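Descriptive structure summary
Read off the chains here:
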Amino acid sequence: MCCQEEPVGGRMRQRRCGISSTSALSLPAIWTTLFLLRLSIAWPASAMSIHVGYFGMADSLPAQEYFAAFGVALTEANVSAPQGVFYTYSRVWVSSNSTENCTAGAQYLLSNNVHVVVSTVNSDCIAASIPLYASAKVPVMSTFTVSESVLEGATGGQYLFKLAPSERMEGQALAAFLRHYNYSSMSYIALNARGSSNIVDGLNSTTVDFGAEARVLFDVSTDANLSGSVNQALDEVVAIGTAVNLLDVGDIDSAEVAFQSIAYRQPRVTGRGWIWMLSSQAVTGLITSAAEIRLILQGSLAAVPAVTDQTSDVWLNYTSLLETHPQFSSGIATCRILRDDYVVHLPFRAQVLDSVRLLEEVARRHENFSGLLSQNGGQEPIRDAIYSGLMDINSNASAVLSSSGHLFYFSSDRTPAEPQFNIVSFDGNRWVPAATWTPGDVLRLIVDSPMMWPGFSLEVPAELAPGFRPRFKIGFLYINGTGDDRDERLGREFLSAFNVSILHIQENTSARVLLDPVAMGVNSPADCAAAARAMRDEVHAVVGGYRSSCTSAAALVLAEENIPLAQVGYGATLDELSNATTYRYFLRVVPPDTFQGQALADLIQRFGWPRVAILYTNNTLYALGLRNSFLRAVNGSLLNSTTITVTAAMPQDLSGPTVNDTIDRALAMIVKSDTRVVLLLVYSGLAERIVLRGERDGGRYQPTDDWIWVGTDSSTAFAPDAGPVRDAVTGMVGTRPKGGNGHVYLRLLSEWLQLNQTENPGVVFSEAGSATQPFVPEVFDAVAAVEIALSDLLKLKSISQLTSRLTVRRKLFQQLLTYNSSANGFFGAIGSTIYFDQDRNGPAEYDIVNFQGGQWRNVGDWILSRQRGRLNLNLLTILPNGQIAEIRESPPTFNILYVAIANDRDQRISDELELVRRIATQYINVHESVFSVRLNITRYIPRGSDVTTACGEPIVRHVLDHQRQEDAFGYVAVIGLIQSTCAISCSRAFQANNITIPLISFGATAISLSNKTAHPTFFRTCPADDNQATVARDVVDRYNWTKIGIIASTDAYGSGLARALESEIKLISDIRVESFEPVMFEHGSNFSVVLEAVRKLRKLNTAVNFISAFTDDSKLVLRAALQEGMLVEGWTWLGGDGLTALEFNSTDQVRFQALVGTSLIIGNGTEFEFLSTRYAVQAERADLSPRGNVVFPSGKSVAVPRFASQLFDSITILALGLSQLWNTREVFNIQLDAPQSERDEWLARTRHLIIQRLKNTTNPTRLNGAIGLPVQFDVAQDGPPAYNVLNYFGTQWQVVGEHFRSPNATAAVLNILRGIIWSGGSVMPHGSTPPSTAVDTTGQFDTNEIIAYVIIGIVVAIGMGLLLFHAFRKTRGPDGTAAFSPVT
């Protein structure tokens, strides 16, 4: 029934089951109705019933529907109620939430003797009425979301049962939404009487989880002019720029006012890009608003308790019952409530239905509720029973199936124990669920119901409101007040460039931020430190300074802060600034002087100048650091042909009286050393003075030919003025920071030219000279780095205008660190990608400049790529006498991928082999007459749990990724692949991806890799394991053993070698050797498994046994043999290179003596001498722990790792093949900027040619390898079958023999070079049968053994008896007395 009675003369009309009566109530704002529902059964006037009080709001269509849900549910409860139990109710509607109305309504219900109250009013009304209910011990079930803060002070709260989650939890649900979409800021408009909302408390409780620090509360609840207050709050929202905004209202009237203001505000705060989230109290108001307002607020969001499941029995019953019971369905139709749009998606209906379901369950579970009713004992026993029954629904076991389809029970504070929320989106006239959330869980989207965002958009809105750009402060340090005219001009140009960058960002609509500049001129390190202290409490980032001394002083001040303040340098190049521990928050867009030193060294070596002098400014960090980096580059160069003849310090102060004398003395030394090339590591003024003192016509000291001056970025910073200086400097070459280039730079210059020249001076306004001074493009890029990082943070919704300055600083610094490669950087004003390397330095790029025709001209560049500098000279370089500098052809460089060992357990051997790889590269670079190419070898370590057996796919992906990089040609070959399983996987993976590439291994010895049908492009400088079996066979044959046992692991290496040895043994000519089926155990087994295998081996009764397993498995076999007593004298243990690769600690050195095994040949000859000598020195420098030495027959001990010679040879044979292809021009050059299709074609052709060239090395080459034999491959593309025989005795493996085929021989032969020490220290080999003294610990004997031991025991017993009898006879006299009796 829908009742809309009007007040009549101050009295209210009351209805009881259609029987009208009047109650004398003076409640002008309260409408009441009393109903009795009991179908088909008359209500006896004297009977008791469960009398329910319904407390709701008036004049609201949703309120009418909530009451309809309550009435239908209670009607059905009466239908299914136990015998003797029935329900009646009294109803109160209040038209406002005033304390007077709410307390009057409660008093009315209590006067009607209700036993329980179902409330659909808000928290304020509950807070006003709950003390009255509690005093009468009436339990109250609240079906709406309630505020904890309002109820905290209310008495009687123990009688309040909350069926809907709290506002704080509603806030947590909204926080989950913000966290899911990475929103970090929002504004909150409160229009409720509570003044502050628990929704904000819920949001704040999850701050740590999703980082939303920016929340602003506009409380307009106390204002009389609500509409004006809302508009004022909206103005603040627009000023702040938050796209996400929460509206919290206390009632529908307030919601209507707010919706009007939001919908019609100009400029708009709705539509695409604006997100309005509504509190649960506002949700019901929107669906009753005008159609136009509903249209404007499409896409609004809310978090509401889980909506009734439309497919559940409860829902189906509810919809059908609305039609079944005319007293409700007709009324609802009259009130326009029965509309699918409302009924399906109105929140809190489920909680209303559940209130009756809980009441039903309480009555059903009570042991005798009908008896309790029939006793007619008053209200209190029934109220107590209901209260106790509700309190007992407190666990999953006692839960009730709710209308939402999940189990419901109360927690200890009488709130829903397992609440569920829907995030709903207002779509059409409906609130449509788009996601679900439960406490402690993440937001889960409903896949088949996509989120409808405002503006009918499916695209997630940005963090900030449309068109809004937050402002951040950026500090800038530039040169000022030095008194030097050149410095002052440069400082003004830097400041102009900074201002141009700020204006460019302001005009650039793609920038998401605006930057407010804070610029300070400085002239000393102390000034810089003071400026940094002033800025750190004001700005979000600092750009500068220029000089390294000034920059480092500022960086040290900023490093004192616990919260990062990013400092981005644009001109400081000191190496020390790369120390992130000292300069914690410093980054720079320029490279350190380490790379400038390399560029200068490459420049000098490219021109082939053999003798160079260095003049540097004394007592300056810049000059000293650059001098050291240049010397390191020259001395560390593998192509070093440059001698430093003179190194002299120059005074820093030009005004000193001895400056000219100091310069003249240095020039005299240089002339005396027969040197004409001078490297000037000085600033420009001093450079000009030095050049003038050495000028031919006026200088006192002249070389045989004209001077050649080489300058750095300091001495090339300014174009000399007209006159003698300009003439003297003509022909100087040097390095400069990368100048401006590309569209970014040109656009900034264009904008600069539009500005006032007086306020923004710069050489850009001059017709002559460079477009800008050195380091000006770097100023542009440093500012751009800050702007881009802030914009990216906004795009990621990580910061906003409201985020605290300290938080922005912290996140900005971390964001800058993410620009850590050319793939992650941004295109800068220098014409290439700006990024920060692992030391937070900018890309290492320099211009090569030459002073010609009165100005500096770019004649080339130097760029670091793949850790190698690439010098390009593209214009003629004019030297001082007008001659053109001769340029030597630079050898081509090919990219090679080196796949290292793929597990952490072998990290040491991996590091040792990496050192061998570097030495091989040095060897190639030293021997220019043999190798005309250079190899750029990249080390790659596959990672993963099964990477050894499945390394192919990650290697293929890496090769393909490298091929697509803009600064690389791709890998022409893959080397390394020491493990057979990885080599097999790699070969198969490349074939599966249709990639033809040479694979060259130095340690993969699996026999299957010789199958060229399966592995057509696989080469190796080591032989296959069947050759190792041949060595073992020849050892067995030499010592005439007649039987041999084999124990092997099941992996490819162990089983393959074992089967090969088994076959080889059968080839011994007189067939005298008896072999047995190999005893196998799983690779990687534990000790007990290996011990059982050794016991099986022991039963074969073979004294000579061969171990075929990797090192770890081999050591377990030895441990098991030790336990079984099989390492004593008389036993002989042989093995392959898995055995001889073992190293023993001091304890095992004593236990495991006299082992004999094979090893790939360790090395011999000139190349091996080169390798072993350099390895010893460099291993010590690299702090590699000493490895067990191998002693040669000559007594020489070497400590190179196993496979070192084979790795060395794999690199040199590849370099030889490439050199031959380059010399014949079969492989041609190609430019990096060539189209990708051309580069791919070049790469495929080069790989194919390498494969064909390697196949042609089946005949001995003119290159001897480190193994002491010519580097070559056989028809199976395997390396020479050359081995050493090793003997472990004392503390070292010793070379006792060798097995290989000499170039002119037809077969390999075994040569024993020195005596072998066998078990027990014997110099003679033992036999084939185990010694009889060996201890058998198995405890098992066969029958023959038992009989033998019995016979031996009987014989021994008889013999002992005869001996004792004979001794007894000797002790008796002739008369039978004892011969030793006392004489009497």
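Refer to the preceding data block for the structure.
Model, not experiment: these values are computed from the prediction.

1. Brief notes about helix α38 (residues 1165-1181)
Here α38 is 17 residues long and its end C-alpha atoms lie 25 Å apart, about the 24 Å a rise of 1.5 Å per residue gives. Those residues of α38 that are buried lie in contact with α29 (907-926), β46 (1197-1198) and α39 (1204-1223). Downstream of α38 by a residue or two, Asp1183 has a phi angle that is positive, lying close to 60°.

2. What about the pattern of salt bridges?
In total, this model carries 30 salt bridges according to the counting rule given. Between Asp664 and Arg693 there is a salt bridge, with the nearest N and O atoms lying 2.5 Å from each other. With Asp664 in helix α23 (residues 659-672) and Arg693 in helix α24 (residues 684-693), this pair connects stretches of sequence that are 29 residues apart. For Asp664, a relative accessible area of 4% puts it in the buried group. For Glu914, the salt bridge identified is with Arg917, shortest N-O distance 2.5 Å. Within this pair, Glu914 and its partner Arg917 are both found in helix α29, separated by 3 residues, close to a single helical turn.

3. A closer look at the packing of helix α1 (residues 61-80) against helix α15 (residues 349-365)
Where α1 meets α15, the closest approach of the two axes is 9 Å, and the angle between their N-to-C directions is 25°. In terms of orientation, α1 lies roughly parallel with respect to α15. In terms of crossing hand, the pair formed by α1 and α15 is right-handed. Residue-level contacts link Glu65, Tyr66, Ala69, Phe70, Ala73, Leu74, Ala77 and Ser80 of α1 to Arg349, Val352, Leu353, Val356 and Glu360 of α15. Residue composition of the contact of α1 with α15, grouped by class: 9 nonpolar, 1 polar and 3 charged.

4. What about the packing of aromatic side chains?
One pass over the structure, following the stated rule, counts 43 aromatic pairs. Ring geometry for Phe70 against Tyr89: centres 5.3 Å apart, planes inclined by 80°, an arrangement best described as edge-to-face. Of this pair, Phe70 sits in helix α1 while Tyr89 sits in strand β5 (residues 87-94), and the two are 19 residues apart along the sequence. With respect to class, Phe70 is no different from Tyr89; both count as buried. Seen from their ring centres, Phe476 and Tyr570 are 5.6 Å apart, and the 20° between their planes marks the pair as stacked. In this pair, Phe476 sits in strand β19 (residues 471-479) while Tyr570 sits in the loop between β22 (567-569) and β23 (586-588), placing the two residues 94 residues apart along the sequence. In terms of burial, Phe476 and Tyr570 fall into one category: buried. In this structure, Arg91 is placed above the aromatic ring of Phe67, and the distance from its NZ or CZ to the ring centre is 3.4 Å. A cation sits over an aromatic face here: Arg627 above Tyr616, 4.7 Å from the ring centre.

5. Considering the packing of helix α18 (residues 485-507) against helix α27 (residues 776-795)
Viewed as axis vectors pointing N to C, α18 and α27 meet at an angle of 35°, and their least axial separation amounts to 9 Å. Crossing angle aside, the handedness with which α18 passes α27 is right-handed. Each of Glu493, Phe494, Ala497, Phe498, Val500, Ser501, Ile502 and Ile505 in α18 lies in contact with α27, whose residues at this interface are Val776, Val779, Phe780, Val783 and Glu787. Its residues assigned to classes, the contact of α18 with α27 shows 10 nonpolar, 1 polar and 2 charged.

6. Points about unusual backbone geometry
For residues besides glycine, phi is generally negative; the peptide bonds are generally trans as well. A cis amide bond links Gln266 to the next residue, Pro267, at an omega of -10°. With respect to the helices, strands and loops of the structure, Pro267 is situated in the loop between α9 (252-264) and β12 (275-278). Omega for the bond connecting Gly544 with Gly545 falls within 30 degrees of zero, at -5°, which places this linkage in the cis form. Here Gly545 is to be found in the loop between β21 (541-543) and α20 (548-558). You will see that Asn113, though not glycine, has its phi angle at about 60°, which is positive. One non-glycine residue with positive phi stands out, namely Ala1154, at about 65°. Locating Ala1154 in the fold gives a position in the loop between α37 (1146-1151) and β44 (1155-1160). Under the relative-accessibility criterion, Ala1154 is labelled buried at 7%.

7. Side note on the sheet that holds β19
The strand order β20-β19-β21-β22-β23 describes an open sheet built from 5 strands, whose pairing is parallel. Edge strands, defined here as strands with exactly one partner in the open sheet, are β20 (514-522) and β23. Between one strand axis and the next, the sheet turns by 25° as a mean value, whatever way the strands run. Pairing between β22 and β23: 3 bridges, direction parallel. Considered in β23, the bridge of Val568 is made with Leu587. Against the sheet, α18 engages β19 and β20, with an angle of about 165° to β19. This element, α20, spans β19, β20, β21, β22 and β23 of the sheet and lies at about 165° to β22.

Parameters and conventions
- Residues numbered from 1 in each chain as written.
- Predicted model: local features only at pLDDT ≥ 70, side-chain atom pairs only at ≥ 80, totals over all residues.
- Heavy atoms only, no water.
- Helix = DSSP H or I, 4+ residues; strand = E, 2+ residues; numbered from the N terminus.
- Expected span 1.5 Å × (residues − 1).
- Contact = heavy atoms within 4.5 Å.
- Salt bridge = Lys/Arg side-chain N within 4 Å of Asp/Glu carboxyl O.
- Buried < 20%, exposed > 50% of the residue type's maximum accessible area, 1.4 Å probe, protein only.
- Axes fitted to C-alpha atoms, helices over the stretch in contact; angles between N-to-C directions.
- Parallel < 35°, antiparallel > 145°, perpendicular 65-115°, else oblique.
- Left-handed = near helix turned anticlockwise from the far one by under 90°.
- Nonpolar A, V, L, I, M, F, W, Y, C, P; charged D, E, K, R; others polar.
- Phe/Tyr/Trp six-rings, centres within 6.5 Å; stacked < 30°, edge-to-face > 60°.
- Lys NZ or Arg CZ within 6 Å of the ring centre and 35° of its normal.
- Pairing = 2+ DSSP bridges.

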